[in-house]
Amino acid sequence: MSAGSVALVVTEDLEVASWDLYELSIAATVFGRPQPDLADPWYDLRLCGTGDRPTDSPGAPHAGPGFGLRTAYGLEHLVGADTVIVPSVPDSCVEQGVPLPPRLIEALRRAYEAGARMVSLCTGAFALAEAGLLDGRRATAHWMHTAQLAERYPKVRVDDSVLYVDDGDVLTSAGMTAGLDLCLHLVRRDLGAHVANQLARRMVVPAHRPGGQAQFIDLSVPATDDEGLAAVLEWAQTRLDQPLTIEDLADRAAVSPRTFYRRLRQATGTTPLRWLLNQRLVKAQSLLESTDLTVERVAQLSGLGTANNFRHHFLKHIGISPTDYRRAFPRPPKP
């Protein structure tokens, strides 16, 4: 087993928000801090900047208030690395479509052609997609950005329901702590479960969350400019513990079921039955996080029927059982 070399991309010539440093610091911590008692040598980490300026030049770019990014390596050092990791790219590249540096995209292509394992954390997937490395592949990113990823790169099979995707030589993760899950998964692949578990213990995080576990997605209804429809949906949200049908919602809106179906689909992108299920799951999540109610009672109050039916839907759409979800979101101790 060999740890190998890791090239971590730092988009230093673009304005990066301070919160985008999270995924960067995750990868730097996992692969950059030596662990000689676990594996010696550890990974050889190099931070590779996208800028052209010398590392000793004044006026280094800043990643938010108080942060300056300056690297000793450039994009040419991506080629030859065993693993290349692209953490979050600037929000402007995702939200406003500001182009990523062409030098970065070309360097990613050359690194892949040279045999590097390519990895993205959160919106780093946009860089891999721009380089064409995700074409025809299943990939993920933070669920807040997967719709944009799918729209901008239709050749990518975007999956917003998982923590990370391991497609062999190309791996992608969702945002925030899902990036840590993927980094630990890489350590597990390279150095074995024992090393990965010991590292996770030192970082005080769960030893292993499988990539197929669902992101904890906010299932609430998107905002709508349809005031009449919004009023009906608000009315339904207060009655989730009661039987509700599309006919009930249509009657409340004073339209036919067919018209209501069309209006809701246009406003939210989902069907009435799926919307109701999502709202019930949202309520169940809230009850699991904020109360000590039994699973049976949570099922009743959220309108999901029996405990078995509740567990089935929760596991299918959230990715873990209600009990495991409650463990993941423990209530704070009472003062």
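Note: the structure precedes this text.
Keep in mind that what you see is a predicted model, and the values were worked out from it rather than measured.

**Student:** What is the right way to look at the pairing of strand 5 (residues 117-121) in this model?
**Tutor:** Each regular strand displays side chains that alternate between the two surfaces of the sheet. Buried residues dominate strand 5, accounting for 5 of its 5 residues. Going residue by residue along strand 5, you find Arg 117, Val 119 and Leu 121 tucked away on one face and Met 118 and Ser 120 tucked away on the opposite face as well. By the bridge criterion, 4 bridges tie strand 4 (residues 83-86) to strand 5 in an arrangement that is parallel. Opposite Thr 83, over in strand 5, you have Arg 117 as the bridge partner.

**Student:** Teacher, can you tell me more about the environment of Gln 237 here?
**Tutor:** Mapped onto the fold, Gln 237 is located in helix 8 (residues 227-237). Separated by 43 residues in the primary sequence, Gln 237 and Arg 280 have C-alpha atoms spaced 8.4 Å apart. Apart from the residues lying within four places of it in its own chain, the contact partners of Gln 237 are Trp 275 and Gln 279. In this structure the side chain of Gln 237 is engaged in a polar contact, spanning 2.8 Å, whose partner is the side chain of Gln 279.

**Student:** Teacher, can you tell me more about the packing of helix 9 (residues 246-253) against helix 10 (residues 257-268) here?
**Tutor:** Relative orientation and spacing of two packed helices are given, respectively, by the angle between their axes and the distance between those axes. Closest axis-to-axis distance for the helix 9/helix 10 pair is 9 Å, and the angle between their directions is 90°. By the angle class used here, helix 9 and helix 10 are roughly perpendicular. Residue-level inspection shows Ile 246, Glu 247, Leu 249, Ala 250 and Ala 253 of helix 9 in contact with helix 10, the latter providing Pro 257, Phe 260 and Tyr 261. Its residues placed into classes, the contact of helix 9 with helix 10 shows 7 nonpolar, no polar and 1 charged.

**Student:** So what exactly am I meant to see when it comes to the sheet that holds strand 1 (residues 5-10) here?
**Tutor:** By way of backbone hydrogen bonds, the strands of a sheet pair with one another, either parallel or antiparallel. Spatially, 3-2-1-4-5-9-8 is the arrangement adopted by the 7 strands of the open sheet, whose pairing is mixed. Where the open sheet ends on each side, the last strands, each with one partner, are strand 3 (73-74) and strand 8 (164-166). Note: strand 1 against strand 4, 3 bridges, orientation parallel. The residue bridging Val 6 from the neighbouring strand is Thr 83, located in strand 4. Against the sheet, helix 1 (residues 21-32) contacts strand 1, strand 2 (44-49), strand 4 and strand 5, and its axis sits at roughly 160° relative to strand 1.

Conventions used here
Residues numbered from 1 in each chain as written. Predicted model: local features only at pLDDT ≥ 70, side-chain atom pairs only at ≥ 80, totals over all residues. Heavy atoms only, no water. Buried < 20%, exposed > 50% of the residue type's maximum accessible area, 1.4 Å probe, protein only. Helix = DSSP H or I, 4+ residues; strand = E, 2+ residues; numbered from the N terminus. Pairing = 2+ DSSP bridges. Contact = heavy atoms within 4.5 Å. Polar contact = N/O pair within 3.5 Å; in protein donor to acceptor, adjacent residues only side chain to side chain. Axes fitted to C-alpha atoms, helices over the stretch in contact; angles between N-to-C directions. Parallel < 35°, antiparallel > 145°, perpendicular 65-115°, else oblique. Nonpolar A, V, L, I, M, F, W, Y, C, P; charged D, E, K, R; others polar.

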